[in-house]
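What follows is the residue order along each chain.
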Amino acid sequence: MTKNVPHIQAELMNQIACGDKAALAQLYHSLSPKLFGIILRMVRRRDWAEEILHDTFLQIWQSATYYDDRRSEPQIWLCHIARNRAIDFLRKHENRCCSMEEITEAEAGFDTPLSADGGHAEARRLQHCMAHLPPEQRQTLSLAYYRGLSQSEIALSLSQPEGTIKSWIRRALTHLRECIGL
């Protein structure tokens, strides 16, 4: 009987926390394409995405001891690190708004169907819950989580007051928590 992927990844994280470079290489080999895709979708430049992916795995190496498999699956935790590294990079290197094309493209990311074999039940449930949000709330979450924009950047992009954007995000996150059952 083979172990499931999250369990194997959790074991790799434990080995990395103990300083095992081979475990880091194995984790990199298995997850770098997914993390690179997340980063590239956010920064839209291959050279930047490569740099951020490198920084992401450096951070994974340095903070593996903080990973707690009781709180989330390794892939979710690692995707969170990659996303945060991309957001930090964008905030440092770009202070910009999105065009309407970028807004539409970011929002479309939530509509991409998940494969039955590779998608997690949690991701499918999140996608279902996102589909039931009002359009303005979906849009703000898309810009915040897919593009890494701050609330003030979203307000500028959508020509809305920052307080309105904060309310939309807060209501959307409340809806998602209730819908997902957290």
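What counts and how
- Residues numbered from 1 in each chain as written.
- Predicted model: local features only at pLDDT ≥ 70, side-chain atom pairs only at ≥ 80, totals over all residues.
- Heavy atoms only, no water.
- Helix = DSSP H or I, 4+ residues; strand = E, 2+ residues; numbered from the N terminus.
- Buried < 20%, exposed > 50% of the residue type's maximum accessible area, 1.4 Å probe, protein only.
- Contact = heavy atoms within 4.5 Å.
- Areas by Shrake-Rupley, 256 points an atom, 1.4 Å probe, with all protein chains shown as cover.
- Phe/Tyr/Trp six-rings, centres within 6.5 Å; stacked < 30°, edge-to-face > 60°.
- Disulfide = S-S within 2.5 Å.
- Expected span 1.5 Å × (residues − 1).
- Bend = angle between axes of the 7 residues up to and from the residue.
- Core = buried A, V, L, I, M, F, W, Y, C linked by side-chain atoms within 4.5 Å.
- Salt bridge = Lys/Arg side-chain N within 4 Å of Asp/Glu carboxyl O.

### Points about the overall build of the protein
The secondary structure content of the protein amounts to nine helices and zero strands. Moving toward the C terminus, one meets the helices and strands of the protein in the order α-α-α-α-α-α-α-α-α. In the protein, which comprises 182 residues, the share counted as buried stands at 40%. When contacts within the protein are restricted to residue pairs at least 6 apart in sequence, long-range pairs at least 24 apart make up 65% of them. Accessible surface for the protein amounts to roughly 10,600 Å². Of this, 53% is attributable to carbon and sulfur atoms.

### Some points on the packing of aromatic side chains
How two aromatic rings sit relative to each other is set out by the distance from centre to centre and by the angle between their planes. For the structure shown, the criterion picks out three aromatic pairs. Here the aromatic rings of Tyr28 and Phe57 are separated by 4.8 Å at their centres, their planes lie at 70°, and the arrangement is edge-to-face. Of this pair, Tyr28 sits in helix α2 (residues 21-43) while Phe57 is found in helix α3 (residues 46-63), placing the two residues 29 residues apart along the sequence. A relative accessible area of 39% means that Tyr28 is categorised as partly exposed. Taking relative accessible area as the criterion, Phe57 reaches 6% and is therefore assigned buried.

### As for the side chain of Ser32
Relative to the helices and strands, Ser32 is located in helix α2. Setting aside residues no more than four positions away along its own chain, Ser32 makes contact with Leu27, Leu53 and Phe57.

### Digging into the state of the cysteines
Counting across every chain of the model gives one disulfide. Covalent S-S linkage joins Cys129 and Cys179, the inter-sulfur distance amounting to 2.0 Å. Its S-S torsion of approximately -80° makes the covalent link between Cys129 and Cys179 left-handed. Residue Cys129 is located in helix α6 (residues 121-131), and its partner Cys179 is located in helix α9 (residues 162-180); the two are separated by 50 residues in the primary sequence. Judged by relative accessible area, Cys129 falls into the buried class, the value being 0%.

### Quick word on α2
Because an α-helix completes one turn every 3.6 residues, residues spaced three or four positions apart along the sequence face the same direction. End to end, α2 covers just 28 Å across 23 residues, shorter than the expected 33 Å (1.5 Å per residue, more than 12% under). Along α2, the largest kink reaches about 55° and is centred on Leu31; proline Pro33 follows within four residues of it. Listed as buried for α2 are Ala23, Leu24, Leu27, Leu31, Ser32, Leu35, Phe36, Ile39, Met42 and Val43. Among the structural elements, α1 (5-17), α3, α4 (74-93) and α7 (135-145) are those in contact with the buried residues of α2.

### Considering the side chain of Thr140
Looking at the secondary structure, you find Thr140 in helix α7. Ignoring sequence-local partners within four residues, the contact set of Thr140 consists of Ile154, Leu158, Ile165, Trp168 and Ile169.

### Concerning the nonpolar core
Of all hydrophobic cores here, the largest spans 30 residues; its most connected members are Met13, Leu27, Leu35, Ile39, Val43, Ile60 and Leu78. For this core, the secondary structure elements donating two or more residues are α1, α2, α3 and α4. Setting aside anything within four residues of it in sequence, one finds Ile39 in contact with Arg44, Ala49, Ile52, Leu53, Thr56, Ala82 and Ala86. In terms of nonpolar packing, the next biggest core, distinct from the first, is built from 15 residues, Ala144, Ala155, Ile165 and Trp168 among them.

### Some thoughts on the pattern of salt bridges
A full pass over the atoms with the stated rule returns four salt bridges. Asp47 is paired through a salt bridge with Arg45; the nearest N and O atoms lie 2.7 Å apart. Notably, a salt bridge pairs Asp55 with Arg85, separated by 3.8 Å at the nearest N-O pair. With Asp55 in helix α3 and Arg85 in helix α4, this residue pair connects regions lying 30 residues apart in the sequence. Residue class for Asp55 comes out partly exposed when judged on its relative accessible area of 23%. Using a relative accessible area of 26% as the deciding quantity, one classes Arg85 as partly exposed.

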